[in-house]
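# Summary of the model geometry
Given next are the chains, with one letter for each unit.
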Amino acid sequence: MGDHLLEVNNLKTHFRTERGKVTAVDGISFHVDRGEVLAIVGESGCGKSVTAQSILRLFEEKGVTSYDGEINFEGKNLLKISDSEMRKIRGNDISMIFQDPLSSLNPVFTIGDQIMEPIMLHQKLSKKEAYERAIEMLKLIGIPAPEQRVHEYPHQISGGMRQRVMIAIALACQPKLLIADEPTTALDVTIQSQILELIDSLRQKLDMGIMLITHDLGVVAQHCTRVAVMYLGEVVEEGDVESLFENPLHPYTQGLISSIPQLFGNRNKKLSIIKGMVPSLNEIPKGCRFAPRCPFADAKCMNEKPELETLDHNKRIKCWHHQTIKGAVSNAT
Amino acid sequence: MQHEALKLDSDHGNGSYGTAAFEARPIIGNAREKLLDIKGIKKYFPVKNTIGVTKKYVKAVDDVTFHLYEGETYGLVGESGCGKSTLGRTILRLTDPTDGEVFFGGTDIFKLSNSEFRKQRQNLQMVFQDPYSSLNPRKRIGDSIAEPMVIHNIGTSQERMERVFDILEKVGLHADTYYRFPHEFSGGQRQRIGLARALVVNPKLVICDEPVSALDVSIQSQIINLLEDLQEEFGLTYLFVAHDLSVVRHISDRIGVMYLGKMVEEAETDELFANPLHPYTKALLSSIPHPNPKIKQEKIILKGEIPSPINPPSGCNFHTRCPLATDICKQAVPKRVEKRPGHFVACHLAE
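For every chain, the first residue of the written sequence is number 1, and numbering continues from 1 onward in sequence order. Numbering of ligands from 1 and lettering of chains from A proceed in the order in which they are written. The model is predicted, so local features are restricted to residues of pLDDT at least 70 and side-chain atom pairs to those at 80 or more, both for listing and for counting; the totals for chains, interfaces and linings are taken over all residues. As a convention, hydrogens and water are excluded, and side-chain values are obtained from all of the structure's heavy atoms.

## A few points about the interface of chain A and chain B
Whether two residues are in contact is decided by their heavy atoms, any of which lying within 4.5 Å being enough. Contacts between the two partners involve 43 residues from chain A and, on the opposite side, 43 residues from chain B. Summed over both partners, the accessible area lost on bringing two parts together, with a 1.4 Å probe, is the buried area. Surface buried jointly by chain A and chain B totals about 3,900 Å² across both partners, of which 53% is contributed by carbon and sulfur atoms. Ranking the residues of chain A by area buried against chain B places Q222, L263 and R267 of chain A at the top, with a combined share of 21%. For this analysis, a salt bridge means a side-chain nitrogen from Lys or Arg found within 4 Å of a carboxyl oxygen belonging to Asp or Glu. The shortest N-O distance in the salt bridge between K270 of chain A and D229 of chain B comes to 2.4 Å. Any pair of N or O atoms that falls within 3.5 Å is considered a polar contact. Within protein, one atom must be able to donate a hydrogen and the other to accept it, and sequence-neighbouring residues count only if both atoms are side-chain atoms. Counting the contacts that link chain A with chain B gives 15 residue pairs in polar contact (both at pLDDT 80 or more).

## Structural notes on the confidence of the model for chain A
Residues and elements named next belong to chain A. Chain-level statistics for chain A give a pLDDT mean of 87 and a share of 97% at 70 or above. On a scale of 0 to 100, pLDDT captures the predictor's confidence in every residue. Put simply, DSSP marks the helices as runs of H or I at least four residues long and the strands as runs of E at least two long, and each gets a number from the N terminus on. The secondary-structure element of chain A with the lowest mean pLDDT is helix 13 (residues 322–325), recorded at 80, while strand 3 (residues 37–41) shows the highest, at 95. Across residues 328–333 the pLDDT falls below 50, and counting only partners more than four positions away or on other chains, this stretch makes twelve contacts in the model.

## Thoughts on helix 7 (residues 159–171) of chain A
Residues and elements named next belong to chain A. If you check helix 7, its first and last C-alpha atoms are 18 Å apart, about what 13 residues at 1.5 Å a residue would give, namely 18 Å. Of all 13 residues in helix 7, twelve are buried; the element is thus mostly enclosed. Considered for burial, the residues of helix 7 that qualify are G160, M161, R162, Q163, R164, V165, M166, I167, A168, I169, A170 and L171. Here, expected helix span is obtained from the residue count minus one, scaled by 1.5 Å. The classification of residues rests on relative accessible area computed with a 1.4 Å probe and restricted to protein chains. Under 20% of the type maximum is buried, over 50% is exposed, and intermediate values are partly exposed.

## Quick notes on helix 1 (residues 48–55) of chain A
Residue and element names in this part refer to chain A. Most of helix 1 sits out of view: seven of its eight residues are buried. Of the residues making up helix 1, those classed as buried are K48, V50, T51, A52, Q53, S54 and I55. Backbone geometry just downstream of helix 1 places R57 in the positive-phi region, at approximately 50°.

## Considerations on the packing of aromatic side chains
Planes of paired rings set the category: under 30 degrees apart is stacked, over 60 is edge-to-face and the rest tilted, where pairs are Phe, Tyr or Trp rings (Trp by its six-membered ring) whose centres lie within 6.5 Å. For the structure on display, the rule yields twelve aromatic pairs over all chains. Measuring from centroid to centroid gives 5.1 Å for F15 of chain A and F59 of chain A, while their planes differ by 90°, and the two rings are edge-to-face. Taken together, the residues span a long stretch of sequence, with F15 of chain A in strand 1 (residues 6–17) and F59 of chain A in the loop between helix 1 and strand 4 (65–73) at a distance of 44 residues. Accessibility assignment for this pair places F15 of chain A and F59 of chain A in one class, buried. A centroid spacing of 5.2 Å and a plane angle of 65° characterise the contact between Y252 of chain A and F290 of chain A, whose relative ring orientation is edge-to-face. One end of the pair, Y252 of chain A, is in helix 11 (residues 251–258); the other, F290 of chain A, is in the loop between helix 11 and helix 12 (299–303), with 38 residues separating them in the sequence. Of the two residues, Y252 of chain A and F290 of chain A, neither departs from the other in class, the shared state being buried. An aromatic cluster of at least three residues, connected via ring pairs, comprises Y231, Y252 and F290 of chain A. Here, a charge over a ring is recorded when the distance from Lys NZ or Arg CZ to the ring centre is within 6 Å and its angle to the ring normal is within 35 degrees. When the ring centre of F273 of chain B is taken as reference, the NZ or CZ atom of R249 of chain B above it lies at 5.6 Å.

## Some remarks on the nonpolar core
The biggest cluster of nonpolar side chains holds 63 residues, and the ones touching the most others in it are I97, I115, I167, L178, V227 and Y252 of chain A. At eight residues, the largest contribution of residues to this core is made by helix 7 of chain A. Apart from the residues within four sequence positions on either side, L178 of chain A is in contact with S95, I97, A170, L171, I199, M208, G209, I210 and M211 of chain A. Side-chain atoms within 4.5 Å link the members of a nonpolar core, which is a set of buried Ala, Val, Leu, Ile, Met, Phe, Trp, Tyr and Cys residues. One finds V164, V171, L215 and Y238 of chain B within the second-largest nonpolar core, a separate group that totals 62 residues.

## Structural notes on the UniProt feature "domain: ABC transporter" (unreviewed entry) in chain B
UniProt positions are given in the numbering used here, feature names are shortened, and annotations may be inferred rather than shown by experiment. Summarizing the sequence annotation, UniProt attributes the feature "domain: ABC transporter" (unreviewed entry) to residues 36–285 of chain B in the numbering used throughout. Within residues 36–285 of chain B, the helical portion is 36% and the strand portion 28%, while the C-alpha atoms at the span's ends are 27 Å from each other.

## Focus: the pairing of strand 4 of chain A
Residues and elements named next belong to chain A. Should DSSP find at least two bridges between two strands, the strands are taken to pair. Note: strand 1 against strand 4, eight bridges, orientation antiparallel. Bridge assignment links F15 to a residue of strand 4, and that residue is T65. As consecutive antiparallel partners, strand 4 and strand 5 (residues 76–77) are separated by two residues, and within that stretch E74 has a phi angle of approximately 50°, a positive value.

## A look at the pattern of salt bridges
Residues and elements named next belong to chain A. The tally for this structure, following the rule as stated, stands at 35 salt bridges over all chains. Put simply, E234 and R289 hold a salt bridge, and the shortest N to O gap is 3.4 Å. Of the two residues, E234 sits in strand 10 (residues 234–240) while R289 sits in the loop between helix 11 and helix 12, which places them 55 residues apart along the sequence. Here the two residues E234 and R289 agree in accessibility, since each one is buried. One connected set of salt bridges, linked through shared partners, spans D26, E234, R289, K305 and K318.

## Let's talk about the packing of helix 5 (residues 141–151) of chain B against helix 6 (residues 157–170) of chain B
Residues and elements named next belong to chain B. Geometry is summarised by axes, namely lines fitted to C-alpha atoms with helices restricted to the contacting stretch, and by angles between N-to-C directions that run from 0 to 180 degrees. The contact between helix 5 and helix 6 brings their axes to 10 Å, and the two run at 120°. One element, helix 5, and the other, helix 6, form an angle in the oblique class. Of the two elements, helix 5 crosses helix 6, and the hand of that crossing is right-handed. Contact with helix 5, carried on its side by G142, I145, A146, M149 and V150, involves R160, R163, V164, I167 and L168 of helix 6 and no other residues of that element. Taken together, the residues that form the contact of helix 5 with helix 6 break down as seven nonpolar, one polar and two charged. We call two directions roughly parallel when the angle between them is under 35 degrees, roughly antiparallel when it is over 145, roughly perpendicular when it lies between 65 and 115, and oblique otherwise. Each helix crossing is assigned a hand: it is left-handed if the near helix lies turned anticlockwise from the far helix by less than a right angle, otherwise right-handed if that turn is clockwise. Here the nonpolar group is Ala, Val, Leu, Ile, Met, Phe, Trp, Tyr, Cys and Pro; Asp, Glu, Lys and Arg are the charged ones; every other residue, Gly included, is treated as polar.

This is the structure:
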């Protein structure tokens, strides 16, 4: 306890909507250490982006959002500190890369201005020093001719470059924790591999902790150390990458892994599917949330909520039947 | 089902189109029949300067030649902006071709008048990436699906309705879908609706433009399986445009790889993955993250990004990013050569 860079305990994020209170993230716990990459995996609507944005307290409208639980960052509970303290952490100690770089860059400021802003704000450097730092950052992320690029506007550069600029802004203050929300989803594979290599090398250089949100299991397998799988606002399974891919315990994880088309081996066999679809947050099943789609579900699953159990090797699982299911489906990898 | 569909087909005023176009045309030296033969297709978009004079062109599709066999799935891959979607749209004349020939059942469909071609559209259908923006939000699903039959004057309204219920069942949707509106459905369901609308006129070829890219993995696999089942049942031919190589590998019999408006390599799926010859294909295949943490990949990281198609590089247009480029690559445009049976590549250095 207390020695993790980030520790999230029983976090709940509620939104008030027209149809009543919706709990998008419902009691999740996990931690991120320095130098490691934690992947948060799940389908759209599972609450992975809400989790990320809750850590930075980006939902601040009073009366609409409310949080429960704890988010401990270097021993400080981020949910308890004042707004001005939070502002000092945001973009400085913890920064975030968003999925869509065009809508998160300001179109009326140059790239240079946008990289310099957090540096001047948090590190209290002069404009000239910040300018030099901005050029240094652009060099670091592999943008050619940074002295020219620094004066350009977001619309003048390509999608891959914009995403790199986002990374430069996020890393300008050398954060301790980087939250990357689908950083490469909008990019092509050859550009994606450039960006992921870049994030990887910067992580080693700066000893950052990274929380990588993605739905691409290939990216998880190649670039992450630990994985938390989310379904409908809950973490259903957590473990290190190798054991999770080799021996997925939760039926949802098993379904996800076996439903991706393979790059090697027999390509003519039918893809296995997870039947049905993710229910809406207004209609959360009573028992286990995955039960209506689960091939192993029985009466107990339908009626009683399973708890997140901790097993050997820091593996955690939320399923009534993980011991009997184990190995039942193992066509992973 | 098949029977029912054929009956509807002959009810159609110009029913002969459906069959006459498909009389066996044996191709010498190849047992399989070509459904679509695409030769030197080009699509240039004019770029106008401030006074409206066209001086430059975006060469979105530049001299692409390939063919589709009946009943196969042909995967078209490449990065965004390489022209793969434009190629699909140009084949269907959704945008006017600049040059080239597309033979469908012996006729060059680029030479047909608009009204003649409209009759052929029944055989050539399309499924779009975003099914929401391609469905009319104010029309009931049943009416949207029946519309192609109305346009092609197929059946009575009673028959059309029965046919829609039939096809809804085939794509795995409830009958009450007929009376509902597009906003009531999830992405996966909308994609099923898009498929139903394409299949309702009993087409020969369906061009699928990124049909699963917007879907979550668990839904994606449902749609892929559905596409395969429907192909088997109706003997469909697919031109499957996508950027996700693992999906394309799973579904395609043959694959064409595009880069900057040109087709750089084409081969049967297993051959392409086992033996990629073009340096771009090699880089593309090596950069897909492998979903097995134990396999550590040797990635070929390409330098830079796709150049602008307004000013494509001279010679081989990949030479600016190619790790192997030599002087000849900067000067001469490589020709499409068959290096192995059925394996075509356009590269000076390919062995």
